[in-house]
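Commentary on secondary and tertiary structure
Chain by chain, the residues run as shown.
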Amino acid sequence: MWGGRFADGPSALMEQINASIDFDKRLAEQDIAGSRAHADMLAHQGIISRQDADAILAGLDRIAAEISEGRFVFKRALEDIHLNIEARVGEIAGDAAGRLHTARSRNDQVATDLRLWVRAACERIDHALLALQRALLLQAEEHAGTIMPGFTHLQPAQPVTFGHHCLAYVEMFSRDRGRFMDACARLNESPLGAAALAGTSFPIDRERTARTLGFARPMRNSLDAVASRDFALEFLAAATIASTHLSRLAEEIVLWTSPAFGFLKLSDAFSTGSSIMPQKRNPDAAELVRAKTGRVLGHFVALAAVLKALPLAYAKDLQEDKEVLFGAADALELSVAAMAAMVADWKVEKEAMLAHARAGYPTATDLADWLVRVAGKPFRTAHRIAGAIVKRAEELNLPLEQMPLAEMQKIEPEMTSDVFAILSVAASVASRKSSGGTAPERVREQIGFWREKLQ
């Protein structure tokens with residue numbers, strides 16, 4: 001492609017480090033779309049003839065069919081997807097193909113391709129996260145009143161409902177979807193026409209190519225158009241946060257399917273056995289979702305390190321943006337799909353959840369609140385009294401709701417038998433009626449909101 005300047009070809013080692021076709025062939029669809037838009041614009045502007053443009057477009061159509069049918073031969077000697085497609089257009093369309101690269105560079109070409117690819121990836125991931133939200137919402141609907149322990153520090157804290165817990169993840173994944181859509185909106189500007197870095201002297205119509213490719217507008221600055229990859233970094237940041245949320249849910253699945261908790265059971269479809277221990281049921285799918293978060297985070301860090309010291313405009317360092325993008329998107333899409341399937345698959349063990357919810361004096365805060373509300377104590381005083389009652393209950397090996405009133409009155413004489421109405425986990429859950437609380441009626445309100453929003 002640059003034989004006029006170079007007398008000799010690259011060494012085998014140079015070809016190995018320089019070629020990107022092994023991974024950037026995934027941009028074939030986007031590269032063809034960009035070339036179609038560019039060729040049509042060139043003809044519309046009178047920069048090339050309509051006849052030449054039609055020959056180029058016919059060649060691009062044929063290449064798209066060859067790639068779709070697995071007949072296209074990708075050549076490492078041609079380095080990347082752009083030159084592979086351009087060379088094949090030349091074989092099909094002859095001399096007309098040499099006009100395709102008028103008023104553009106591989107610099108704006110690859111930036112356009114990559115924005116198109118990331119935009120499509122954002123949309124795919126948004127749809128996958130929506131499916132996951134819907135799976136969690138179904139679980140929340142079924143278990144709006146199922147009592148489970150709520151934890152802080154992984155210690156029993158206060159009872160909640162499993163439906164409320166599921167809805168917490170619906171909220172998280174909603175924010176993840178928002179981040180991908182925000183990233184999609186910001187990247188939706190066209191670099192095409194920026195050429196190598198300075199624009200072009202040809203009378204191109206960048207508005208036309210931007211519209212054809214579904215971009216909101218052309219990018220305003222040609223240097224920024226070819227040099228910026230913050231859109232890729234933003235995608236990876238959103239992917240990292242979403243992966244972190246998936247990992248937290250995966251960790252809970254791992255914990256909750258263990259005999260120590262016994263809150264959930266996964267079917268054979270999402271469990272594996274042991275090569276030596278016949279009794280084992282391992283939650284490997286959840287563990288792998290948890291592990292892939294490290295991969296996605298690593299890709300984010302890798303691209304940030306590539307970008308952090310690059311002067312404007314283009315440098316070949318930017319070739320390293322693709323593998324990390326593809327790898328993160330692949331890992332995240334697989335993880336979201338696997339998680340949605342596991343959520344739909346799990347079986348909730350209500351009795352185990354309820355038994356654990358009763359352990360560890362989870363209604364101690366209800367006792368303190370009662371002392372504030374009924375006995376008029378300042379909360380800090382009530383907190384101290386409730387703590388002392390819990391300590392005595394531990395000594396007697398009794399749950400709070402079975403503590404003799406006389407024992408409680410030794411600690412606080414103003415205690416009355418009315419307190420027993422608020423000491424069960426069911427009463428505790430039912431009382432949490434503040435906006436966003438875990439009371440089943442509030443959970444059902446949240447379910448109604450999300451049912452409408454996720455239609």
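Placed above this text is the structure.
Description of the structure in this document. (Residues numbered from 1 in each chain as written. Predicted model: local features only at pLDDT ≥ 70, side-chain atom pairs only at ≥ 80, totals over all residues. Heavy atoms only, no water.)

**A few points about the nonpolar core**
This is how it is decided: Buried Ala, Val, Leu, Ile, Met, Phe, Trp, Tyr and Cys residues form a nonpolar core when they are joined through side-chain atoms within 4.5 Å. Relative accessible area decides the class of each residue, using a 1.4 Å probe on protein chains only: under 20% of the type maximum gives buried, over 50% gives exposed, and in between gives partly exposed. For this analysis, residues touch if any pair of their heavy atoms sits within 4.5 Å.
Ranked by size, the top nonpolar core spans 91 residues in total, and within it Leu136, Phe180, Phe235, Met339 and Trp346 carry the most contacts. Once you skip the residues sitting within four places of it in the chain, phenylalanine 235 turns out to touch Val118, Ala121, Cys122, Ile125, Phe180, Leu325 and Ala329. Residues Tyr361, Leu367, Ala386 and Leu423 belong to the second largest nonpolar core, which totals 19 residues.

**Notes on the pattern of salt bridges**
Short version of the rule: Throughout this description, the term salt bridge denotes a Lys or Arg side-chain nitrogen within 4 Å of a carboxyl oxygen of Asp or Glu. Numbering of helices and strands runs from the N terminus, with a helix taken as a DSSP run of H or I at least four residues long and a strand as a DSSP run of E at least two residues long.
The final tally for this structure, using the stated rule, is 35 salt bridges. Between aspartate 268 and arginine 281 there is a salt bridge; the shortest N-O distance is 2.7 Å. One end of the pair, aspartate 268, is in the loop between β5 (264-265) and α11 (284-307); the other, arginine 281, is in the loop between β5 and α11, and 13 residues separate them in sequence. Exposure remark for aspartate 268: the relative accessible area of 61% places this residue in the exposed category. You can call arginine 281 partly exposed: its relative accessible area is 45%.

**Section: the environment of alanine 39**
Mapped onto the elements of the fold, alanine 39 is located in helix α3 (residues 28-44). Judged by its relative accessible area of 0%, alanine 39 falls in the buried class. When residues no more than four places from it in sequence are discounted, the contact partners of alanine 39 are Ile48, Ala53, Ile56, Leu57 and Leu100.

**Quick notes on a nonpolar patch on the surface**
To keep things clear, this is the line we draw: Each patch is assembled from residues with relative accessible area greater than 30% and no salt bridge, linking like charges that lie within 9 Å and nonpolar side chains (Val, Leu, Ile, Met, Phe, Trp, Tyr) that lie within 5 Å. Residue exposure ignores everything except the shown protein chains as possible cover, and the areas themselves are Shrake-Rupley values with a 1.4 Å probe.
On the surface, a cluster of nonpolar side chains totalling about 270 Å² of accessible area is made up of Leu197, Leu223 and Leu312. Assessed through its relative accessible area of 38%, leucine 197 is described here as partly exposed.

**Regarding helix α4 (residues 50-68)**
Put simply, the test is: By this rule the span expected of a helix is its residue count minus one, scaled by 1.5 Å.
Between its terminal C-alpha atoms α4 stretches 27 Å, which fits the 27 Å expected from 19 residues at 1.5 Å a residue. When α4 is considered as a whole, its buried residues turn out to be Asp52, Ala53, Ile56, Leu57, Gly59, Leu60, Ile63 and Glu66. Tucked into the core, α4 has its buried residues touching α3 and α5 (81-93). Once α4 ends, the next one or two residues include glycine 70, with phi positive near 75 degrees.

**Looking at the packing of helix α6 (residues 106-142) against helix α12 (residues 321-345)**
In plain terms, the rule: Under this scheme, a helix contributes an axis fitted over its contacting stretch, all axes are lines through C-alpha atoms, and angles between N-to-C directions fall in the 0 to 180 degree range. Relative orientations are named as follows: roughly parallel for angles under 35 degrees, roughly antiparallel for angles over 145 degrees, roughly perpendicular for angles from 65 to 115 degrees, and oblique for any other angle. It is the rotation of the near helix from the far one that decides the hand of a crossing: anticlockwise by less than a right angle makes it left-handed, clockwise makes it right-handed. Charged means Asp, Glu, Lys or Arg here, nonpolar means Ala, Val, Leu, Ile, Met, Phe, Trp, Tyr, Cys or Pro, and polar covers whatever is left, Gly included.
Running from amino to carboxyl end, α6 crosses α12 at an angle of 15 degrees, the nearest separation of the two axes being 9 Å. With respect to their mutual orientation, α6 and α12 come out roughly parallel. Classified by chirality, the crossing of α12 by α6 is left-handed. Its residues placed into classes, the contact of α6 with α12 shows 20 nonpolar, 1 polar and 4 charged.

**With respect to the packing of aromatic side chains**
What counts is decided by this rule: The rule is short: rings of Phe, Tyr and Trp, with Trp giving its six-membered ring, pair when the centres are within 6.5 Å, and they are stacked under 30 degrees, edge-to-face over 60, tilted in between. Ring-over charges, as used throughout, are those where CZ of Arg or NZ of Lys falls within 6 Å of the ring centre and within 35 degrees of the ring normal.
Under the defined criterion, the tally for this structure stands at 10 aromatic pairs. Plain terms: the ring middles of phenylalanine 162 and tryptophan 256 are 6.1 Å apart, the flat faces sit at 65 degrees to each other, and that makes the pair edge-to-face. Here tryptophan 256 lies in helix α10 (residues 230-256) and phenylalanine 162 lies in helix α7 (residues 162-187), a separation of 94 residues in the sequence. Comparing phenylalanine 162 with tryptophan 256, the two get one shared label, buried. Both rings, one in phenylalanine 449 and one in tryptophan 450, keep their centres 5.1 Å apart while their planes meet at 80 degrees; by these two values the pair is edge-to-face. A relative accessible area of 46% means that phenylalanine 449 is categorised as partly exposed. Chaining the aromatic ring pairs together yields one cluster made of Phe151, Phe162, Trp256, Phe261, Phe263 and Trp346. A cation over an aromatic ring shows up here: arginine 26 above the ring of phenylalanine 326, its NZ or CZ 4.7 Å from the ring centre. If you follow arginine 124 out to its NZ or CZ, it ends over the ring of tryptophan 117, 5.5 Å from the centre.

**Comments concerning the environment of threonine 363**
Within the secondary structure, threonine 363 sits in the loop between α13 (350-357) and α14 (364-373). Along the sequence, threonine 363 and glutamate 401 sit 38 residues apart, while their C-alpha atoms lie 8.9 Å from each other. Once residues lying within four places of it in the same chain are set aside, the contact partners of threonine 363 are Leu400, Leu423, Ser424, Val425 and Ser428.

**Re the side chain of arginine 206**
As a reminder of what qualifies: Under the counting rule used here, the positive set is Lys and Arg, the negative set is Asp and Glu, and His together with the chain ends is not counted. Polar contacts here mean pairs of N or O atoms no more than 3.5 Å apart (in protein, one a potential hydrogen donor and the other a potential acceptor; neighbouring residues in sequence count only if both atoms are side-chain atoms).
You can see arginine 206 is positioned in helix α8 (residues 206-212). This buried residue, arginine 206, is left without a salt bridge; aspartate 108 holds the nearest opposite charge, at 6.8 Å. There is a polar contact of 2.8 Å between the side chain of arginine 206 and the backbone oxygen of serine 190. Discounting residues that sit within four places of it in the chain, arginine 206 has contacts with Ser190, Pro191, Leu192, Gly193, Ala194, Pro218 and Met219.

**Remarks on the pairing of strand β2 (residues 155-161)**
For a regular strand, side-chain orientation follows a simple rule: the groups alternate between the two sheet faces. The test is simple: DSSP calls a pair of strands paired once it identifies at least 2 bridges connecting them.
Bridging between strand β1 (residues 147-152) and β2 involves 5 bridges; their strand directions are antiparallel. The partner of methionine 148 across the bridge, within β2, is valine 160. Counting the residues that bridge the hairpin from β1 to β2 gives 2 residues, and of these histidine 153 lies at a positive phi of roughly 60 degrees.

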